[in-house]
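Each chain, written out:
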Amino acid sequence: MGRPGTRSDRDLVERFRDGDREAFQELYRAHFPAVLRFAYYMTGDRIVAGEITQDAFIWFVDHPRQFNPERGDLAAFLGGVARKMLLRRQTRERRWLSIDDSATVLPRAQRPAWSENVEREQEADLVRRAVASLPDRYREAVVLCDLEEKSYDEAASIIGCPKGTVRSRLHRAREILGRKFQWKKEGQWCI
Amino acid sequence: MSCREHREALVELARGGELAANDRSQAVRHAEHCNECAQFLDRQLALTASLKEYAAEELPDGAELEGTVLAAFDRARSREQVRKRTWWISASVAAAAAVVLAIGLRPEPQSARIELGNPKIAAAPPVVATPTQAIAKRGVPVVVAQAADDQPFVTIPYTVPLAPEERAIVSRMSIPVTALIAAGFHVQVSDPGAEVEADVLVSQDGRARAIRPVSLAISRSIETSSRGEH
């Protein structure tokens, strides 16, 4: 997630709590990209990510007092809200895309002769699906630490677990993803 | 050190994470001599590159959703204002009700019971009558029974007076004039079966301590009866 100025956030949150619409709008614009990105990486679905992000901000509108600046910055707080929305949604409906370890693997020679752009898009889609297929606890470690480039401490704050747990989950997740990406080394194409 | 232990360092090496210089050099040296770990490192480096590419993907700027979220903000503001307004109205109504109760608005039925904190109690029972002739005839002071609530209660003889902070209940009821007479009141009526409407002050032990005739109709009936005597 982004790291908008915490001090500025505090002022804006105070104004937002007092009903200042412009302050809320400013907060939304500052934090929307990070929340959306997190939701997108977690779901692999732009539409669902947009819905999650919207839900997270609407929840914040209705619960402005839930954010306590003493316990962390607003970015981490909103990340935590989005995470809870995701988990709730996941519980409600299993919509995660999956890619299992037995996915069809074609030799490089049989790879479709598409253009470079299409190939890149397909590879990006493969990464997206691979990340989305990870178990929740591993996926959020990859999303926060590798895609969002957060420190272990920041990720631990959002997830609500010890730093060492985040680190071990990330390593485990990368091992799983490494196996999925073995085609790169072995010249195979995974679809 | 085992391959497993080295791989933790290799993951951090591949993703550009925090790694002590000593751990880094040990992991690199191990990968140079271990084919499996070298392949592992290659895969991790490829994974890092793919993830960076994925992270660079363009996403919507949020303008589409901004309208919806701001509309939610506006709705929440409206709800908050309505809530505040409702609170003020409720508070005003409650305050008005408290004022009405405080000034002594009481229900009409005879069975109505009203709590009084500190009722006014007169020291001695008055004479309940109206005609001046009757007063003149008997030569004693007369208090005309009135419906006014500000009339003092009159202590019933031979009862213990209420303590200053003792709570009491006022019950409005019809009392036979004979009871008033028995309590020491001078009531001048020809019909001993007549009744007088009165507030009776009942202490916490359930005993009547004071009384206050309140019915104008009764006072008139007393007056009529008294005139009839003459």
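Please refer to the structure placed before this passage.
Residues numbered from 1 in each chain as written. Chains lettered and ligands numbered in written order. Predicted model: local features only at pLDDT ≥ 70, side-chain atom pairs only at ≥ 80, totals over all residues. Heavy atoms only, no water.

(A) Region of the structure containing the packing of aromatic side chains. Scanning all chains against the criterion turns up twelve aromatic pairs over all chains. Between the aromatic rings of A:F16 and A:F60, the centroid separation amounts to 5.0 Å while the plane-to-plane angle is 50°, which identifies the pairing as tilted. Taken together, the residues span a long stretch of sequence, with A:F16 in helix 1 (residues 6–17) and A:F60 in helix 3 (residues 46–62) at a distance of 44 residues. Assigned by exposure class, A:F16 and A:F60 land together as buried. For the ring pair A:F16 and B:F73, a centre distance of 5.9 Å and an interplane angle of 40° mean the geometry is tilted. Taken together, the residues span two chains, with A:F16 in helix 1 and B:F73 in helix 4 (residues 63–102). Within the aromatic cluster, the residues linked to one another by ring pairs are A:F16, A:F24, A:W59, A:F60, A:F67, A:F77 and B:F73. The ring of A:Y40 has A:R46 sitting right over it, with the charged end atom 5.4 Å from the ring centre. (Phe/Tyr/Trp six-rings, centres within 6.5 Å; stacked < 30°, edge-to-face > 60°. Helix = DSSP H or I, 4+ residues; strand = E, 2+ residues; numbered from the N terminus. Buried < 20%, exposed > 50% of the residue type's maximum accessible area, 1.4 Å probe, protein only. Lys NZ or Arg CZ within 6 Å of the ring centre and 35° of its normal.)

(B) Geometry of a positive patch on the surface. Residues and elements named next belong to chain A. Together, R71, K84, R88 and R92 make up a positively charged patch on the protein surface. Inspection of the secondary structure assignment puts R92 in helix 4 (residues 74–92). Among the residues examined, R92 registers a relative accessible area of 56% and is labelled exposed. (Patch = residues over 30% accessible without salt bridge, like charges linked within 9 Å, V, L, I, M, F, W, Y side chains within 5 Å. Areas by Shrake-Rupley, 256 points an atom, 1.4 Å probe, with all protein chains shown as cover. Salt bridge = Lys/Arg side-chain N within 4 Å of Asp/Glu carboxyl O. Lys, Arg positive; Asp, Glu negative; His and termini not counted. Charge placed at Lys NZ, Arg CZ, Asp CG, Glu CD.)

(C) Just the pairing of strand 7 (residues 195–203) of chain B, in detail. Residue and element names in this part refer to chain B. A large share of strand 7 lies buried, amounting to seven of its nine residues. With nine bridges connecting them, strand 5 (residues 168–176) and strand 7 associate as antiparallel partners. Among the inter-strand pairings, I169 is bridged to a residue of strand 7, identified as V202. In this structure, strand 7 lies alongside strand 8 (residues 208–213), joined through five bridges in antiparallel fashion. Pairing of D199 across the sheet is with R212, part of strand 8. The loop that links strand 7 with its antiparallel partner strand 8 comprises four residues; one of these, G206, has a positive phi angle of about 85°. (Pairing = 2+ DSSP bridges.)

(D) Layout of the interface of chain B and chain A. In this complex, chain B contributes 37 residues to the contact, which on the side of chain A involves 44 residues. Around 3900 Å² of area is buried between chain B and chain A when both sides are counted, 59% of it from carbon and sulfur atoms. The interface formed by chain B and chain A holds seven salt bridges in total. B:E12 is the salt-bridge partner of A:R167, the closest N and O atoms lying 4.0 Å from each other. Across the chain B-chain A interface, the total number found is 18 residue pairs in polar contact (both at pLDDT 80 or more). Elements with a minimum of two residues in the side of chain B that touches chain A: helix 1 (3–15), helix 3 (35–55) and helix 4 of chain B. A total of 13 residues in the side of chain B that touches chain A trace back to one element, the largest contributor, which is helix 3 of chain B. (Contact = heavy atoms within 4.5 Å. Buried area = accessible area lost by both parts, 1.4 Å probe. Polar contact = N/O pair within 3.5 Å; in protein donor to acceptor, adjacent residues only side chain to side chain.)

(E) Representation of the packing of helix 8 (residues 163–180) of chain A against helix 1 of chain B in the model. Relative orientation of the contacting elements helix 8 of chain A and helix 1 of chain B amounts to 85°, with a least axis distance of 11 Å. The angle between helix 8 of chain A and helix 1 of chain B falls in the class roughly perpendicular. Two secondary-structure elements touch here, helix 8 of chain A through A:R167, A:L170, A:H171, A:R174 and A:E175 and helix 1 of chain B through B:R4, B:E8, B:V11, B:E12, B:A14 and B:R15. Looking at the contact of helix 8 of chain A with helix 1 of chain B, its residues break down into three nonpolar, one polar and seven charged. (Axes fitted to C-alpha atoms, helices over the stretch in contact; angles between N-to-C directions. Parallel < 35°, antiparallel > 145°, perpendicular 65-115°, else oblique. Nonpolar A, V, L, I, M, F, W, Y, C, P; charged D, E, K, R; others polar.)

(F) Just helix 8 of chain A, in detail. Under the 1.5 Å per step criterion, the end-to-end length of helix 8 of chain A is 26 Å for 18 residues, consistent within 8% with the ideal 26 Å. Listing the buried residues of helix 8 of chain A in full gives A:V166, A:L170, A:H171, A:A173, A:R174, A:E175, A:I176, A:L177, A:G178 and A:K180. (Expected span 1.5 Å × (residues − 1).)

(G) Main features of the environment of B:L59. With respect to the helices and strands, B:L59 occurs in the loop between helix 3 and helix 4. The class for B:L59 is buried, based on a relative accessible area of 16%. When neighbours within four sequence positions are excluded, B:L59 is seen to be in contact with A:L36, A:R37, A:Y40 and A:R46.

(H) Examining the nonpolar core more closely. Counting 64 residues, the largest nonpolar core has A:F24, A:F60, A:L74, A:V166 and A:L177 as the members making the most contacts within it. Tallying contributions element by element places helix 2 (residues 21–43) of chain A first for this core, with twelve residues. Of all hydrophobic cores here, the second largest spans twelve residues; its members include B:A9, B:A14, B:L19 and B:C34. (Core = buried A, V, L, I, M, F, W, Y, C linked by side-chain atoms within 4.5 Å.)

(I) Representation of unusual backbone geometry in the model. Although it is not a glycine, A:E149 sits at a positive phi angle of roughly 55°. Its place among the elements puts A:E149 in the loop between helix 6 (136–147) and helix 7 (152–159).

(J) Structural context of helix 1 of chain B. Its 13 residues give helix 1 of chain B an end-to-end C-alpha distance of 18 Å, which sits within 8% of 18 Å, the value for a rise of 1.5 Å per residue. Residues of helix 1 of chain B that are buried include every one of B:H6, B:R7, B:A9, B:L10, B:V11, B:E12, B:L13, B:A14 and B:R15, and no others. As for helix 1 of chain B, its buried residues are in contact with helix 6, helix 7 and helix 8 of chain A together with helix 2 (21–33) and helix 3 of chain B. Of the residues flanking the end of helix 1 of chain B, it is B:G16, one or two places downstream, whose phi is positive at about 70°.

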